[in-house]
Amino acid sequence: MNNQKLSQVVIYSSSVEVSNWLQSTIKLTSIIIENAHYCSVVSGITNKTISLIIVTEEKFKSLHAHLKNTNTILPILVVTKEFNGFTLPKSTKLTIDTIPLQAITIGLFEHAIKSVMQDFELNQRLTKLAHYDPLTGAANRLLFNDRLIQALKFAKRNNRAVSILCFDLDDFKPINDSFGHDVGDELLKRFVKLISSICRETDTIARFGGDEFILLLPDTSAQELVALCNKIVDKMSIKQHIKNHDIEIKSSIGATSTLLIGDLKETAEGLLKMADKAVYSAKKIPSTNYILN
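Within each chain, residues carry numbers counting from 1 in the order of the written sequence. In keeping with the predicted nature of the model, local features appear solely for residues at pLDDT of at least 70, side-chain atom pairs appear and are counted solely at 80 or more, and the whole-chain, interface and lining totals rest on all residues. Here the side-chain values reflect all heavy atoms present in the structure, with hydrogen atoms and water set aside.

### Brief notes about the overall build of the chain
Cut-off, in case you're wondering: Numbering of helices and strands runs from the N terminus; a helix is a DSSP stretch of H or I covering at least four residues, while a strand is a stretch of E covering at least two. Each residue's exposure class comes from its accessible area (1.4 Å probe, protein chains only) as a fraction of the maximum for that residue type: buried when under 20%, exposed when over 50%, partly exposed otherwise. By definition in these notes, contact holds between two residues if any of their heavy atoms fall within 4.5 Å. To measure how exposed things are, a 1.4 Å probe is used in the Shrake-Rupley method; for residues, cover is taken only from the protein chains shown. Positive charges are assigned to Lys and Arg, negative charges to Asp and Glu, while His and the chain termini are left out of the count. Positions of charges follow a simple convention, taking NZ of Lys, CZ of Arg, CG of Asp or CD of Glu.
The helix and strand tally for the chain stands at nine helices and 14 strands. Counting only C-alpha atoms, the chain reaches 70 × 50 × 25 Å along its principal axes. Expressed as a percentage of the 293 residues in the chain, the buried residues total 44%. Considering only contacts within the chain whose residues lie at least 6 apart along the sequence, 64% involve residues at least 24 apart. Per element, the accessible surface of the chain, about 15800 Å² overall, is 51% carbon and sulfur. Separation between the mean location of the 34 positive side-chain charges and that of the 31 negative ones in the chain comes to 3 Å.

### Things to note about a nonpolar patch on the surface
Condition: The residues that make up patches have over 30% relative accessible area and no salt bridge, and they are joined within 9 Å when like-charged or within 5 Å when they are Val, Leu, Ile, Met, Phe, Trp or Tyr. By definition here, a salt bridge exists when the distance from a side-chain nitrogen of Lys or Arg to a carboxyl oxygen of Asp or Glu is within 4 Å.
Side chains of Leu122, Leu126 and Leu129 sit close together on the surface and give an oily, nonpolar patch of about 310 Å² of accessible area. Turning to its location among the elements, Leu122 is positioned in helix 3 (residues 106-131).

### Quick word on the layout of surface pockets
Operational definition: Points on a 1 Å grid, built from protein atoms alone, make a cavity when a 1.4 Å probe fits but cannot get out and make a pocket when they are open with protein on both sides within 12 Å along at least 5 of 7 lines; residues with an atom within 4 Å of a point are the lining residues. Grid points are joined across faces, edges and corners, and a volume is the space filled by probe spheres set on the points.
Considering only enclosed or pocket space, the largest pocket measures out at about 2000 Å³ in volume. Forming the boundary of the largest pocket are 47 residues, of which Thr70, Asn71, Thr72, Ile73 and Lys93 lie nearest the centre. At ten residues, helix 4 (residues 141-158) tops the list of elements feeding residues into the lining of the largest pocket. Space inside the second largest pocket adds up to approximately 240 Å³. Every residue lining the second largest pocket is listed: Arg141, Cys166, Phe167, Asp168, Phe208, Glu212, Phe213, Ile214, Leu272, Asp276, Val279 and Tyr280.

### Points about the packing of aromatic side chains
What counts here: Centres within 6.5 Å make a pair out of two Phe, Tyr or Trp rings, where for Trp the six-membered ring is used; the pair is then stacked when the planes are under 30 degrees apart, edge-to-face when over 60, and tilted otherwise.
Here the structure, examined in full by the defined rule, presents four aromatic pairs. With centroids separated by 4.9 Å and ring planes inclined at 50 degrees, the aromatic side chains of Phe191 and Phe213 adopt a geometry described as tilted. With Phe191 in helix 6 (residues 181-198) and Phe213 in strand 10 (residues 212-218), the pair connects residues that are 22 residues apart, well separated along the chain. As far as the burial class goes, Phe191 and Phe213 line up, both buried. These aromatic residues form a ring-pair network of at least three members: Phe167, Phe191 and Phe213.

### As for helix 9 (residues 268-282)
Cut-off, in case you're wondering: The span you would expect from a helix comes to 1.5 Å times its residue count less one.
Compared with an ideal rise of 1.5 Å per residue, which puts 15 residues at 21 Å, helix 9 spans 21 Å between its outermost C-alpha atoms and is within 8% of the ideal. Within helix 9, the full set of buried residues consists of Ala268, Gly270, Leu271, Leu272, Ala275, Ala278, Val279 and Ala282.

### Quick word on the pattern of salt bridges
By the definition in use, this model includes ten salt bridges. Two residues, Asp133 and Arg207, come together in a salt bridge whose shortest N-O distance is 3.2 Å. You can see Asp133 sitting in the loop between helix 3 and helix 4 and its partner Arg207 sitting in strand 9 (residues 204-207), a full 74 residues away along the chain. Owing to a relative accessible area of 18%, Arg207 belongs among the buried residues under this scheme. With a shortest N-O distance of 3.4 Å, Asp170 and Lys283 are connected by a salt bridge. In this pair, Asp170 sits in strand 8 (residues 162-170) while Lys283 sits in the loop between helix 9 and strand 14 (289-292), placing the two residues 113 residues apart along the sequence. What emerges from the salt-bridge pattern is a single network uniting Asp168, Asp170 and Lys283.

### A few points about helix 4
The following threshold applies: As used here, the arc belongs to the directions running from the helix axis to the C-beta atoms. Distance and chemistry together define a polar contact, namely a pair of N or O atoms within 3.5 Å, with one atom able to donate a hydrogen and the other to accept it when in protein, and with adjacent residues in sequence counting only for side-chain atoms on both sides.
Over its 18 residues, helix 4 runs 26 Å from end to end, which matches the ideal 26 Å to within 8%, given 1.5 Å per residue. Considered for burial, the residues of helix 4 that qualify are Leu143, Phe144, Leu148, Ala151, Leu152 and Ala155. Down the axis of helix 4, the sector holding all buried residues measures 165 degrees, keeping them to one side. For helix 4, the exposed residues set more than 90 degrees away from the buried face come down to Leu142 and Arg157. Where helix 4 begins, one side-chain oxygen reaches toward the backbone nitrogen of Leu142, 3.3 Å away; that side chain belongs to Asn140. Looking at the residues trailing helix 4, positive phi occurs at Asn159, about 55 degrees.

### Thoughts on the packing of helix 6 against helix 7 (residues 222-236)
For clarity, the cut-off: Axis definition: a line fit to C-alpha positions, over the contact stretch in the case of helices; interaxial angles, taken between N-to-C directions, run 0 to 180 degrees. The scheme is simple: roughly parallel for angles under 35 degrees, roughly antiparallel for over 145, roughly perpendicular for 65 to 115, oblique for anything else. Crossing chirality is assigned from the near helix's rotation relative to the far helix, an anticlockwise turn below a right angle marking it left-handed and a clockwise turn marking it right-handed. Residues are grouped as follows: nonpolar covers Ala, Val, Leu, Ile, Met, Phe, Trp, Tyr, Cys and Pro; charged covers Asp, Glu, Lys and Arg; every other residue, Gly included, is treated as polar.
Viewed as axis vectors pointing N to C, helix 6 and helix 7 meet at an angle of 140 degrees, and their least axial separation amounts to 11 Å. As far as their axial angle goes, helix 7 and helix 6 are oblique. The chirality of how helix 6 crosses helix 7 is right-handed. Across the interface between the two elements, Phe191, Leu194, Ile195 and Ile198 of helix 6 pack against Leu228, Lys231, Ile232, Lys235 and Met236 of helix 7. Grouping the amino acids of the contact of helix 6 with helix 7 by side-chain chemistry returns seven nonpolar, no polar and two charged.

### Quick notes on the nonpolar core
We apply this condition: What makes a nonpolar core is a set of buried Ala, Val, Leu, Ile, Met, Phe, Trp, Tyr and Cys residues whose side-chain atoms join them at distances within 4.5 Å.
The biggest cluster of nonpolar side chains holds 30 residues, and the ones touching the most others in it are Leu165, Phe167, Phe191, Ile195, Leu215 and Ile232. Among the secondary structure elements, those contributing two or more residues to this core are strand 8, helix 5 (172-179), helix 6, strand 10, helix 7 and strand 13 (250-257). For this core, the leading source of residues is helix 6, giving eight residues. Contacts of Ile195, omitting those with residues within four sequence positions, involve Phe167, Ile205, Leu215 and Ile232. Listed in part, the 19 residues of the second largest apolar core include Leu143, Phe208, Leu216 and Leu272.

Now the structure itself:
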C-alpha cells in the first residue's frame, strides 16, 4: 500500500476550516492525490472518478442517503466528533471506516485512508466473485434476478417499461468440439463484449448457463426494443476472428416486454418464462434471429 495514488478525494463538510485542515494534513502524507477538493452540498458529489470521500459526522447521513439513491458504491472515511458514539448503518454496500477528529495525526490519517481503501478493494473483489461470471464478466443469475426485481418495482412506481432478451447461442457445442474449449471460451467473451458495446450503462447482460444469456433493458420503448434487436442481429452477422478461425456467433433470441403485456402485473419469473418461450420459437428459424413474445 506504499505510495498509493488516488485520482480524486472529496471532503464533504459544513466547515471550510475543518476541510482546509484535512486537505493540508493529507498533503503531508505519502499518499499521492491528483485532486482533493471541498464540497458543502451533497448534490455536488456526482463525479464517477471519485476515489475516496472524507465526510464529517454531521454530513454523513445526507451523504449515505444520496449514494444509496444513486446506487453509487465508494469508500468513505467518516471524521467523527468523538472516539465513541457514532453508529455505522447496519445495511449498506458502502465501505466505511471512522477516525476521531481530535486523534488525527499525519501517520494515523494516512493509515486510516490506506485501511479503508484496502477494505474497499477487497470488498470489490469479493462482490465481483459473488455476482459476476468469472469467464465472461457478465452478471450471474443472482445479480440479474435482483436487478430485474428492482427494475420492475421502479417501473410500477413510475409507469415505465421493462424488457428482457434471452439468448441461446446456436452451434456452440460443435464449435467447442471442432476448435477446442479455448476457442469456445473466447467466443463467449466476444459475445458479452459485443452485446455490452451496444447496450446502455443501465442495461445488464447476464450469463444463465453454458451458452445461455439474458439482457435486462429497463425503461425501453417498443421502438427502442425492436431497433436494438435488429442491431444485435446485424452485429452478430460479422464473423469473429478467434485463434486463426473466422466464426460467426449465432443465436436464437427471445424478447419480451411489459409493453407487450399491456400492464405490469407480470412477475420477474413470468417475464423470463415468456422470453424463454420466444427463444424456442426463434430456434425454428435458421441463423440468428429474434422473436417478440
